[in-house]
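Close look at the chain arrangement
Take a look at the letters that make up each chain.
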Amino acid sequence: MSRYRSRPRSTSNRLAAAALATVACVFVGASTADATATDTGPVVSRGVSIPAFYSPPTQLPATNGALLRQEPLPLGLSLPGLDGRPLPGTATRLMYKSTDSDGRAVAATGAYIEPSAKWEGDGPRPLVAVASGTMGQGDQCAPSFALQHPLTVNGQTLSVGYDNLAIYRLLATGAAVVVTDYVGLGATDRLHTYVNRLDEGHAVLDAVRAARALPGTSLTSGSRVGLYGYSEGGGASASAAELQPTYAPDVHLAGTYAGAPPADLTAVMKGIDGSALAAALGWAINGFVQAYPDMRDVAEANLNDAGRKALADASTMCVGEAVVRYGFARSSAWTTSGKSVAEIIAGEPRARAVLDEQRIGTLKPAGPVRVSTGVQDDIVPHAQARQLAVDWCRKGGSVTYAAVDLPNLGDRLLTNHLAPLITDQGAAISWLTDRLEGKPTASNCWTMPFQR
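The sections below set out a description of the structure shown in this document. (Residues numbered from 1 in each chain as written. Predicted model: local features only at pLDDT ≥ 70, side-chain atom pairs only at ≥ 80, totals over all residues. Heavy atoms only, no water.)

A few words now on the pattern of salt bridges. In the structure shown here, the tally under the stated rule is 19 salt bridges. Taking the shortest distance from any N to any O, the salt bridge between Arg93 and Glu71 comes out at 2.9 Å. Highlighted residues: Arg93 in strand 6 (residues 89-99) and Glu71 in strand 3 (residues 67-73), separated in sequence by 22 residues. The exposure class assigned to Arg93 is buried, which follows from its relative accessible area of 3%. In the salt-bridge network here, residues are joined through shared partners; they are Arg46, Asp313 and Arg325. (Salt bridge = Lys/Arg side-chain N within 4 Å of Asp/Glu carboxyl O. Helix = DSSP H or I, 4+ residues; strand = E, 2+ residues; numbered from the N terminus. Buried < 20%, exposed > 50% of the residue type's maximum accessible area, 1.4 Å probe, protein only.)

Buried within helix 7 (residues 265-272) are the following residues: Leu265, Val268, Met269, Gly271 and Ile272. Along the axis of helix 7, the buried residues cluster in a sector spanning 160°; they form a single face. In this fold, the buried residues of helix 7 make contact with helix 8 (279-291), helix 12 (341-346), helix 13 (349-357) and helix 14 (382-394). Its side-chain oxygen at 3.2 Å from the backbone nitrogen of Thr266, Asp264 defines the N-terminal cap of helix 7. The first or second residue beyond helix 7 is Gly274, which carries a positive phi of 85°. (Arc of directions from axis to C-beta. Contact = heavy atoms within 4.5 Å. Polar contact = N/O pair within 3.5 Å; in protein donor to acceptor, adjacent residues only side chain to side chain.)

With that settled, the discussion passes to the packing of aromatic side chains. Counting across every chain of the model gives 5 aromatic pairs. Relative to Trp283, the ring of Tyr194 lies with its centre 5.8 Å away and its plane at 75°, an arrangement referred to as edge-to-face. Taken together, the residues span a long stretch of sequence, with Tyr194 in the loop between strand 11 (176-183) and helix 5 (197-213) and Trp283 in helix 8 at a distance of 89 residues. Comparing Tyr194 with Trp283, the two get one shared label, buried. Relative to Trp334, the ring of Tyr326 lies with its centre 6.3 Å away and its plane at 90°, an arrangement referred to as edge-to-face. Considered together, Tyr326 and Trp334 belong to a single accessibility category, that of buried residues. Above the plane of the ring of Phe53 lies Arg69, whose end atom (NZ or CZ) is 5.8 Å from the centre. (Phe/Tyr/Trp six-rings, centres within 6.5 Å; stacked < 30°, edge-to-face > 60°. Lys NZ or Arg CZ within 6 Å of the ring centre and 35° of its normal.)

Okay, the nonpolar core next. Within the largest apolar cluster, 46 residues are counted, with the highest numbers of intra-cluster contacts made by Tyr112, Leu127, Val178, Val204, Trp392 and Val399. Element by element, the count of residues in this core is highest for helix 5, at 8 residues. Beyond its immediate sequence surroundings of up to four residues, Leu127 is in contact with Tyr112, Ala176, Val177, Val178, Val208, Ala211, Leu219, Arg224, Val225, Gly226 and Leu436. Counting 40 residues, the second largest nonpolar core, distinct from the first, contains Phe288, Leu303, Ala310 and Ile345. (Core = buried A, V, L, I, M, F, W, Y, C linked by side-chain atoms within 4.5 Å.)

It is worth stressing that arrangement in space is one thing and function is another; only the former is reported here.
Take a look at the structure:
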């Protein structure tokens with residue numbers, strides 16, 4: 001049985017009835033009929049119609065980053081400029097080819113935004129690839145969709161494009177921006193492989209290639225490239241910085257910002273279990289079950305009916321309804337043994353091997369990197385994010401480590417995780433802008449013993 005099936009096209013009630021099929025990665029629906037046409041049937045996720053654009057072709061080119069299709073993307077928040085050009089810029093929806101963790105061709109979607117602001121820095125207009133933070137697992141949660149619909153709420157789903165703020169701030173500097181939806185978030189042929197470092201790192205780097213291939217932009221061969229991401233996006237940008245030398249040697253990185261990166265998923269699973277974002281544990285399991293047969297076997301052997309139903313339900317959720325429905329849930333209620341998912345994985349060598357493969361920090365990152373983490377963060381635990389900086393320093397990376405020291409704003413409420421996203425954003429964008437201008441930076445690895 002192939003592990004690659006198309007996404008569920010029904011509401012959460014029907015998904016719950018098909019929960020065991022979800023865990024086994026048997027996803028109902030149909031893919032496209034040929035290399036150019038899309039499925040004629042509508043894809044509806046929690047009452048939201050997904051545009052036909054997001055249904056991938058069955059035949060994909062060999063070249064990573066190759067453009068499969070493009071169309072104008074109306075920005076949900078836009079103003080007319082004095083010179084007639086829209087602010088903050090003109091957007092294009094993209095679908096491009098990437099490679100998943102199994103080495104197979106996959107279609108990913110995203111968006112490119114040509115800014116109206118002039119680039120005042122040295123050299124041609126640079127490009128920033130934005131890896132979005134956790135949005136959910138339903139196709140209606142895709143970051144490119146959120147650019148058009150900053151708030152999606154209909155009684156079944158709630159999605160907020162909170163990373164649009166960072167995107168617009170980057171555009172205001174005059175840098176062009178490309179946003180990736182990762183693998184399976186938006187594209188309707190599979191589930192989003194949440195926090196899979198290979199899928200996400202590849203999707204980020206191939207988004208850069210796709211933006212370069214887009215005709216009519218102001219990008220040139222000399223445009224510097226930066227990566228920006230927080231939370232799930234921090235892990236994706238960190239992974240891309242590690243993978244760049246071997247996967248995308250043509251994409252030279254001027255700088256990478258990795259905020260609150262989930263570098264050690266074993267620690268992160270413990271952090272989110274029982275928290276307001278407990279549903280993210282389900283998203284991770286769904287993604288790994290889809291991608292790794294060993295993880296599927298472990299899930300089938302250990303999940304009870306409640307767990308199967310929860311995973312199926314979560315598979316089409318965005319963050320908003322996930323917090324309402326599964327906030328503070330304990331994974332021990334989803335297993336036959338009453339053990340937590342983290343405990344089960346600890347006792348299963350095959351499952352541990354999957355998470356070990358996902359560890360970020362085993363490779364030296366390309367170019368200068370800035371790692372920031374809130375010292376009170378208990379969702380994406382501070383200690384494991386700090387450890388990523390230590391690991392990169394030991395490998396000789398050019399690392400700027402920034403500990404965001406804020407008061408405790410509430411255990412397991414998401415507040416300790418979200419506050420640094422806002423308070424550190426200006427410093428992060430300034431640091432990245434300096435790299436895009438070609439300004440040098442010095443590593444502060446020597447201060448790690450003295451930093452929290």
